[in-house]
Amino acid sequence: MKSFTVKTAVKSEVIIEKNFSGLLGAIKKIFRGKKIVILCDDNTMLLFFSAVKDNLPSATVCPVYVNAGEKSKSVETYAKVIQDLSKYGVTRNDLLIALGGGVIGDLGGFVASTYLRGIDLIQCPTTLLSMVDSSIGGKTALNTNSGKNIIGTFYQPKLTYIALCALDFLPEREIKSGMGEIVKCALLSNEITLEDIESGRYEDLIMKCLRLKANKVEKDERDEKGERIILNLGHTFGHAMEKLSDFSISHGECVAMGILPIIDLSAAVFGLSTETVNEMKEVLYAAKINLNRSFDRAELLKRIAFDKKNDGEKINFVLLKGKGKPCVLPLTIAEVKEALKW
Ligand SMILES: NC(=O)c1ccc[n+]([C@@H]2O[C@H](COP(=O)([O-])OP(=O)(O)OC[C@H]3O[C@@H](n4cnc5c(N)ncnc54)[C@H](O)[C@@H]3O)[C@@H](O)[C@H]2O)c1
């Protein structure tokens, strides 16, 4: 077992365990109500609901489930879940466990932060991406017709409980998505080495990625001071690639693919040595993600300008002066185009 505390205004515990059996003891420390809601999607309901239910303190268990997938981060699904909680008679002392990937984490976090003005939340992430990233930091979200994560709150979970056994069921596509976020963290920090990535020891990798994120979140809980911006490494190009692929390539893979032009851009802007560039690319390749899918470069830059609602102004790019040496540089699209010789 590994654990640490995210020192936000309301302290948030993180526990990494092999399976769900440690939940009982961890929940006993925080639970003072009568009912525990388990929010799942149809996959996590089938796979993990029983294991979680069997490891809860005595309480009435209230199962709530939604369809798997991004579409469930909607106002309509939110309203349905709130209605379910009301029907169960969930009160302010009760608890919600978000059991699933980032979709359930974002939806469950928003429900917990708004139902009766806030009930306790436990994040129980079951995808690699949610284990290394979305299950801490307190960002909750719903999408609207205007875009992704338009509605949301900051709400820290009382506990993030990671049962590594969940990864045994995860499809390859979702493992790769998580690996994309892991190599991002490895390029931002000297704590995560090439050997760590090649080892495939998820327990260590998850712990190190979460510590990196926790460190930034503790300094800038509400994302107002720019401390969290480096965590967006690869995301500017990555989001554009995600959209141009019509979401057929997973988020984390797009992040990893989006880091490749960032390394080239950094090399051009800072005049990095071939050795430094190769060291960073080696880390990126260690995720075993196919980075060679080709995109129309002009379309990519157009998409980035559109996403950033940019009309010639500078965009903050997270660049790398080397492994573990991120920095932020405002650049215009024209400057990026010229530096990359695109
Ligand atoms: N709040 C944050 O800080 C933050 C950060 C990053 C991403 N996000 C959000 O996270 C979401 C993406 O999360 P995701 O990649 O986990 O996707 P997801 O939640 O949609 O899960 C992917 C798929 O895997 C299935 N699944 C979950 N666990 C499984 C398991 N152990 N075995 C088999 N199948 C399993 C799910 O049912 C789903 O079909 C996006 O909405 C994104 O905006 C939030």
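Coordinates for the structure precede this section.
Residues numbered from 1 in each chain as written. Predicted model: local features only at pLDDT ≥ 70, side-chain atom pairs only at ≥ 80, totals over all residues.

*Asks:* Hey, could you go over the overall build of the protein for me, with residue numbers and the actual values?
*Replies:* Of regular secondary structure, the protein possesses 13 helices and eleven strands. What you see for the protein is a C-alpha radius of gyration of 20 Å, in line with the 20 Å of a compact globule of 342 residues. Based on the C-alpha atoms only, the size of the protein along its principal axes is roughly 60 × 40 × 35 Å. In the protein, which comprises 342 residues, the share counted as buried stands at 42%. Counted over contacts in the protein with a minimum sequence separation of 6, partners at least 24 positions apart contribute 74%. (Helix = DSSP H or I, 4+ residues; strand = E, 2+ residues; numbered from the N terminus. Rg over C-alpha atoms; globule rule 2.2 N^0.38 Å. Buried ≥ 20, exposed ≤ 12 C-beta atoms within 10 Å, placed from the backbone. Contact = placed C-beta atoms within 7 Å.)

*Asks:* Can you break down unusual backbone geometry residue by residue, with the values?
*Replies:* Within the chain, Arg-117 stands out as a residue other than glycine whose phi angle is a positive 65 degrees. Position of Arg-117 among the secondary structure elements: in the loop between helix H4 (102-114) and strand E6 (120-125). The backbone of Lys-341 shows a phi angle near 55 degrees, a positive value even though the residue is not glycine. The residue Lys-341 is located in the segment after helix H13 (333-340) in this model. With 8 C-beta atoms packed within 10 Å, Lys-341 lands in the exposed category.

*Asks:* I'd like a description of helix H8 (residues 202-219), backed by residues and values.
*Replies:* When the terminal C-alpha atoms of H8 are compared, their 26 Å separation across 18 residues agrees well with the 26 Å that a helix rising 1.5 Å per residue should span. The complete set of buried residues in H8 reads Leu-205, Ile-206, Met-207, Cys-209, Leu-210, Leu-212, Lys-213 and Val-217. Tucked into the core, H8 has its buried residues touching strand E1 (2-6), strand E2 (12-17), helix H5 (128-134), strand E9 (159-163), helix H6 (172-188) and helix H7 (194-199). (Expected span 1.5 Å × (residues − 1).)

*Asks:* Could you give an account of helix H11 (residues 274-285), with specific residues and numbers?
*Replies:* A turn of α-helix holds 3.6 residues, and therefore any two residues three or four places apart point the same way. Between its first and last C-alpha, H11 extends 16 Å over twelve residues, near the 16 Å set by a 1.5 Å rise per residue. Listed in full, the buried residues belonging to H11 are Met-280, Val-283 and Leu-284. Seen end-on, H11 carries its buried residues on one side only, within an arc spanning 105 degrees. Within H11, the exposed residues directed more than 90 degrees away from the buried face are Thr-274, Glu-275, Asn-278 and Glu-282. Where H11 is buried, its residues touch H6, H7, helix H10 (251-270) and strand E10 (315-320). (Arc of directions from axis to C-beta.)

*Asks:* Kindly report on the environment of Lys-34, identifying the contributing residues and their values.
*Replies:* Here Lys-34 shows up in the loop between helix H1 (23-28) and strand E3 (35-41). On the basis of neighbour counts, which here come to 14 C-beta atoms within 10 Å, the residue Lys-34 falls in the partly exposed class. Between the C-alpha atoms of Lys-34 and Asp-168, which are 134 residues apart in sequence, the distance is 32 Å. In this structure, Lys-34 is in contact with Ala-59, Thr-60 and Asp-94, ignoring residues within four places of it in sequence.

*Asks:* Break down the environment of Gly-102 for me, citing the residues and quoting the values.
*Replies:* Along the chain, Gly-102 falls in helix H4. Judged by C-beta crowding, with 23 C-beta atoms within 10 Å, Gly-102 ranks as buried. Considering only alpha carbons, one finds Gly-102 and Lys-302, 200 residues apart in sequence, at a separation of 28 Å. Not counting chain neighbours up to four residues away, the residues in contact with Gly-102 comprise Thr-127, Leu-129, Ser-130 and Ser-134.

*Asks:* Outline the packing of H6 against H8, listing residues and values.
*Replies:* Orientation of H6 relative to H8, taken along the N-to-C sense of each, is 60 degrees, at an axis distance of 10 Å. As far as their axial angle goes, H8 and H6 are oblique. For the element pair H6 and H8, the recorded crossing hand is left-handed. Contact residues: Glu-181, Ile-182, Cys-185 and Leu-188 in H6; Leu-205, Lys-208, Cys-209 and Leu-212 in H8. When the residues that make up the contact of H6 with H8 are grouped by side-chain class, the tally is six nonpolar, no polar and two charged. (Axes fitted to C-alpha atoms, helices over the stretch in contact; angles between N-to-C directions. Parallel < 35°, antiparallel > 145°, perpendicular 65-115°, else oblique. Left-handed = near helix turned anticlockwise from the far one by under 90°. Nonpolar A, V, L, I, M, F, W, Y, C, P; charged D, E, K, R; others polar.)

*Asks:* Outline the nonpolar core, supporting the account with residue identities and numerical values.
*Replies:* Core analysis: the biggest nonpolar cluster contains 91 residues, and Leu-39, Leu-96, Ile-97, Leu-99, Ile-182 and Val-183 have the highest contact counts within it. Looking at this core, the element that brings in the most residues is H10, giving nine residues. In this structure, Leu-39 is in contact with Val-64, Val-81, Leu-96, Ile-97, Ala-98, Leu-99, Ile-104, Gly-108 and Val-111, ignoring residues within four places of it in sequence. (Core = buried A, V, L, I, M, F, W, Y, C linked by C-beta atoms within 7 Å.)

*Asks:* So what about the environment of Glu-227? Which residues, and what values?
*Replies:* Note on placement: Glu-227 falls in the loop between H8 and helix H9 (235-244). Placed twelve residues apart in sequence, Glu-227 and Asn-215 show a C-alpha to C-alpha distance of 9.3 Å. Other than its neighbours up to four places away in sequence, Glu-227 contacts Lys-216, Lys-219 and Asp-220.

*Asks:* Residues and numbers for the site of the ligand, please.
*Replies:* Not every one of the 29 residues close to the ligand is listed here, only the nearest: Asn-43, Gly-101, Gly-102, Thr-127 and Ser-134. Of all the secondary structure elements, the ones that give two or more residues to the shell around the ligand are helix H2 (42-53), H4, H5 and H6. A class-by-class count of the residues in the shell around the ligand yields eight nonpolar, 14 polar and seven charged. (Near = placed C-beta within 6 Å.)

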